[in-house]
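Understanding the architecture of this molecule
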Amino acid sequence: MDQFTINLLFVGASFALYIGIAIWARAGSTSEFYAAGRGVHPVTNGMATAADWMSAASFISMAGLIAFTGYDNSSFLMGWTGGYVLLALLLAPYLRKFGKFTVSEFIGDRFYSQTARIVAVVCLIVASTTYVIGQMTGVGVAFGRFLEVDNTTGLFIGAAVVFAYAVFGGMKGVTYTQVAQYCVLITAYTIPAIFISLQLTGNPIPALGLFGEHAASGEPLLAKLDAIVTELGFNEYTAHHADTFNMVLFTLSLMIGTAGLPHVIMRFFTVPKVSDARWSAGWTLVFIALLYLTAPAVGAMARLNISEMMWPNGGVNGEAVTVQQIETEDRYDWMKTWQKTGLLNWEDKNGDGKIQYYNDKSEAMQAMAAEKGWTGNELTKFNRDILVLANPEIANLPGWVIGLVAAGGLAAALSTAAGLLLAISSAVSHDLIKGAINPSISEKGELMSARVAMAVAIVVATYLGLNPPGFAAQTVALAFGLAAASIFPALMMGIFSTKVNNTGAVAGMIAGISVTLIYIFLHKGWLFIPGTNSFTDADPLLGTVKSTSFGAIGAAINFAVAYTVSGMTKPLPAEIKALVESVRVPRGAGAAQNK
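A count of helices and strands for the protein gives 24 helices and two strands. Its C-alpha atoms give the protein a radius of gyration of 24 Å, near enough to 25 Å, the size a compact globule of 595 residues would have. Principal-axis analysis of the C-alpha atoms places the extent of the protein at approximately 80 × 50 × 40 Å. The buried share of the protein, reckoned over its 595 residues, is 60%. The contacts in the protein between residues at least 6 apart in sequence include a share of 81% that link residues at least 24 apart.

In structure tokens, the structure reads:
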């Protein structure tokens, strides 16, 4: 059986499962559409939340970014994991106790303002739309490779599948679909990692193999990797080279952005009790850890495999891989397959019949290249988002493993895309239409408006996914910055402060997201349109602060403006102070509201 057929079987079976679950668990009421009827078990919710959380950025893109940068990109791991801990400890239980369907509804009621609710809706839509661009990018990459079509066609196919199960299933359908998707994605991620760890280190546990010995040389694996990449003119893999201030800001932006992500927070509205929200958070961390402890090993081992494959005869002092080898040897088939997607390419620039892969921006390598007659790096394109998906092929693993990874990558992207689209549709239908425009709308009408809003969101996300502002994980990082600057401060002040009033909250959210969005557009292009940017992340506007790191500064502006404006306007009404205190006090935690 050829690889294409195997891929179709795995991907087709998983899609049939997802759509079947969505039909079985189809939402018949707004409570089921928004919060799955508040009847989800904590373990089930933990697994669904982990799938919602571990997006294309985690499954497809993160290991690739770590692989080609090393230690400096470990901030993705630290920021996302640390942020989830913040969410679990500081927000989830209190928001569940409040008993609302959406984040915007909480902000509107806590700050006793319809304006606050609408501003929160706008912030949520901006952050979630940016986030879903990254997911659709990942969907296009995965479909493009495994269905052997171009990236654009893959994106359209993925959008159609999301539409099929998310629009009709709502939160109820999405919850149980995400449980299935978690099982698929974690199996697909760990099995290839175990195979590759055994090949390179003899250790079946990738996280331990990363710090073990390289079987072929007897050296520590990371020392071997450092030696190879530095020989090719790249930075030492395990050392810190980036700007420390920007790295700290970036990690902080990811952390507080994580704690403000509406599509993840919504998952905690689906459990029966506040105590279940805490248990859900704990189980989610367990399920997330299974992938996040494996990702650094996947990145490092893949980088080692690629480097040795491009220099099969002993590094730059030997001979590079030949064009003939790439075209005729089975172990290079993955290069030809990925070349068809447009995400990988090479060129024999100097006509010597070989493909030299090295850092042609390194002065030392430029001198060596001149001596050897090289005319630049000939692995001209290697999209970071393909690394995890190509990993089994690079390591020459069995065809069924490649098919499993195909299903896993798509599960990761589709699960988070569905959660984000649900957050957008809930904000539009429940907070905007029912909450502000037409409060008397029937339940059937609200349910229909939610589905229409989700369909529109899918169309917009697909369009933007055709020209993303970066790799999947980089695009997602922008969304985290927007959530950090707008939603997280409002939630924290709403739960833990009795000094911030409605005027202050609105002013803070508007200031935070406006400044952050402007900073992002200045670096990534207005509305992410290519060529309209004034700066780049290589040469940012403010010192070393990149657009992906600005969210922490936006959050500080939000807090400062909110407290300043609140101090200049009317204090909180007594009943709102009592409400805030009742949400924080543990008494009655088992009796969460079900409004």
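There is more to say after this.
Let us look at the side chain of Ser197. Locating Ser197 in the fold gives a position in helix H8 (residues 151–201). Since its relative accessible area comes to 0%, Ser197 is described here as buried. For Ser197, the contacting residues outside a window of four places in its chain are Gly202, Asn203, Ile205, Pro206, Gly209 and Met301.

On to the packing of aromatic side chains, then. For the structure shown, the criterion picks out 14 aromatic pairs. Pairing Tyr94 with Phe496 gives two aromatic rings, centres 5.4 Å apart and planes at 75°, and the pair type is edge-to-face. You can see Tyr94 sitting in helix H5 (residues 75–98) and its partner Phe496 sitting in helix H21 (residues 472–496), a full 402 residues away along the chain. For Phe496, a relative accessible area of 34% corresponds to the partly exposed category. Considering the side-chain rings of Phe195 and Trp400, the 6.3 Å spacing of their centres and the 70° angle between planes classify their relative orientation as edge-to-face. With Phe195 in helix H8 and Trp400 in helix H19 (residues 399–437), this pair connects stretches of sequence that are 205 residues apart. What makes Trp400 partly exposed here is its relative accessible area of 41%. Pairwise contacts between aromatic rings join Phe76, Trp80, Phe250 and Phe480 into one cluster. Above the ring of Phe234, the side-chain terminus of Arg303 is found at 5.0 Å from the ring centroid. Over the ring of Phe68 we find Arg384, and its NZ or CZ is 4.3 Å from the ring centre.

Right, let's get into helix H18 (residues 387–394). With eight of its eight residues buried, H18 lies for the most part within the structure. Along H18, the residues that are buried comprise Leu387, Val388, Leu389, Ala390, Asn391, Pro392, Glu393 and Ile394. Directly after H18, the chain includes Asn396, whose backbone phi takes a positive value near 60°.

Quite often, the size of an interface is put as the accessible area lost when its parts meet. Taken as a whole, the protein is organised into domain 1 (3–301 + 395–584) and domain 2 (317–388). Taken over C-alpha atoms, the centre of domain 1 sits 34 Å from the centre of domain 2. Each partner contributes to the interface: domain 1 provides 24 residues, whereas domain 2 provides 17 residues. With both chains or domains summed, domain 1 and domain 2 bury close to 1,900 Å², and 69% of this area falls on carbon and sulfur atoms. Every element with two or more residues in the side of domain 1 that touches domain 2 is listed here: helix H4 (56–69), helix H7 (114–146), H8 and helix H14 (295–310). Counted by class, the side of domain 1 that touches domain 2 contains 15 nonpolar, seven polar and two charged residues.

With that settled, consider the pattern of salt bridges. Scanning the model with the defined rule gives four salt bridges in all. Lys354 is paired through a salt bridge with Glu319; the nearest N and O atoms lie 3.6 Å apart. Within this pair, whereas Lys354 is found in the loop between strand S1 (344–345) and helix H17 (363–372), its partner Glu319 is found in the loop between H14 and helix H15 (323–328), the two being separated by 35 residues in sequence. According to the relative accessible area criterion, Lys354 is partly exposed, its value standing at 21%. Of the charged contacts, one joins Lys524 and Asp537 as a salt bridge, the two residues approaching to 3.3 Å between their closest N and O atoms. Of this pair, Lys524 sits in helix H22 (residues 502–524) while Asp537 sits in the loop between H22 and helix H23 (551–568); the two residues are 13 residues apart in sequence, bridging distant segments of the chain. Each member of the pair, Lys524 as well as Asp537, carries the same accessibility label: buried.

Here the focus is the environment of Ala295. Looking at where Ala295 falls in the secondary structure, it is placed in helix H14. By relative accessible area, Ala295 is classed as buried at 0%. For Ala295 and Thr190, which are 105 residues apart along the polypeptide, the C-alpha to C-alpha distance reads 9.2 Å. Filtering out sequence-adjacent residues up to four positions away, Ala295 remains in contact with Met62, Ala63, Leu77 and Tyr189.

The next thing to look at is the nonpolar core. Counting residues in each nonpolar core, the largest one holds 178 residues, and the members touching the most others are Phe59 and Ile107. Among the elements that take part in this core, H19 stands out by supplying 18 residues, more than any other. Two domains share this core, each providing at least three of its residues, namely domain 1 (3–301 + 395–584) and domain 2 (317–388). Those residues within four positions of Phe59 in sequence are excluded, and the remaining contacts are Leu185, Ala188, Tyr189, Leu291, Val388, Leu389, Val405, Gly408, Gly409 and Ala412. Ranked by size, the runner-up nonpolar core spans five residues in total, among them Leu249, Tyr519, Val545 and Phe550.

Once that is clear, we can look at the packing of H5 against helix H24 (residues 574–584). Running from amino to carboxyl end, H5 crosses H24 at an angle of 120°, the nearest separation of the two axes being 9 Å. Considering their axes alone, H5 and H24 lie oblique with respect to each other. Between H5 and H24 the crossing geometry is right-handed. Two secondary-structure elements touch here, H5 through Tyr94, Lys97 and Phe98 and H24 through Leu579, Ser582, Val583 and Arg584. Considering only residue class, the contact of H5 with H24 consists of four nonpolar, one polar and two charged.

Time to look at a nonpolar patch on the surface. Side chains of Met448, Val452, Val456 and Val460 sit close together on the surface and give an oily, nonpolar patch of about 340 Å² of accessible area. Structurally, Val452 is set in helix H20 (residues 443–465).

Further remarks concern the environment of Glu581. Summarising the element assignment, Glu581 is placed in helix H24. C-alpha of Glu581 to C-alpha of Gly218: the two residues are 363 residues apart in sequence and 61 Å apart in space.

As a further point, take unusual backbone geometry. Even without glycine at this site, Tyr112 takes up a positive phi of about 40°. As for its placement among the helices and strands, Tyr112 is situated in the loop between helix H6 (103–110) and H7. Positioned with a positive phi, Asn396 is a non-glycine residue whose angle comes to about 60°. A residue is classified by how much of its surface remains accessible, and Asn396, at 57% relative accessible area, is exposed.

Criteria and thresholds
Residues numbered from 1 in each chain as written. Predicted model: local features only at pLDDT ≥ 70, side-chain atom pairs only at ≥ 80, totals over all residues. Heavy atoms only, no water. Helix = DSSP H or I, 4+ residues; strand = E, 2+ residues; numbered from the N terminus. Rg over C-alpha atoms; globule rule 2.2 N^0.38 Å. Buried < 20%, exposed > 50% of the residue type's maximum accessible area, 1.4 Å probe, protein only. Contact = heavy atoms within 4.5 Å. Phe/Tyr/Trp six-rings, centres within 6.5 Å; stacked < 30°, edge-to-face > 60°. Lys NZ or Arg CZ within 6 Å of the ring centre and 35° of its normal. Domains from an automatic or database assignment. Buried area = accessible area lost by both parts, 1.4 Å probe. Nonpolar A, V, L, I, M, F, W, Y, C, P; charged D, E, K, R; others polar. Salt bridge = Lys/Arg side-chain N within 4 Å of Asp/Glu carboxyl O. Core = buried A, V, L, I, M, F, W, Y, C linked by side-chain atoms within 4.5 Å. Axes fitted to C-alpha atoms, helices over the stretch in contact; angles between N-to-C directions. Parallel < 35°, antiparallel > 145°, perpendicular 65-115°, else oblique. Left-handed = near helix turned anticlockwise from the far one by under 90°. Patch = residues over 30% accessible without salt bridge, like charges linked within 9 Å, V, L, I, M, F, W, Y side chains within 5 Å. Areas by Shrake-Rupley, 256 points an atom, 1.4 Å probe, with all protein chains shown as cover.

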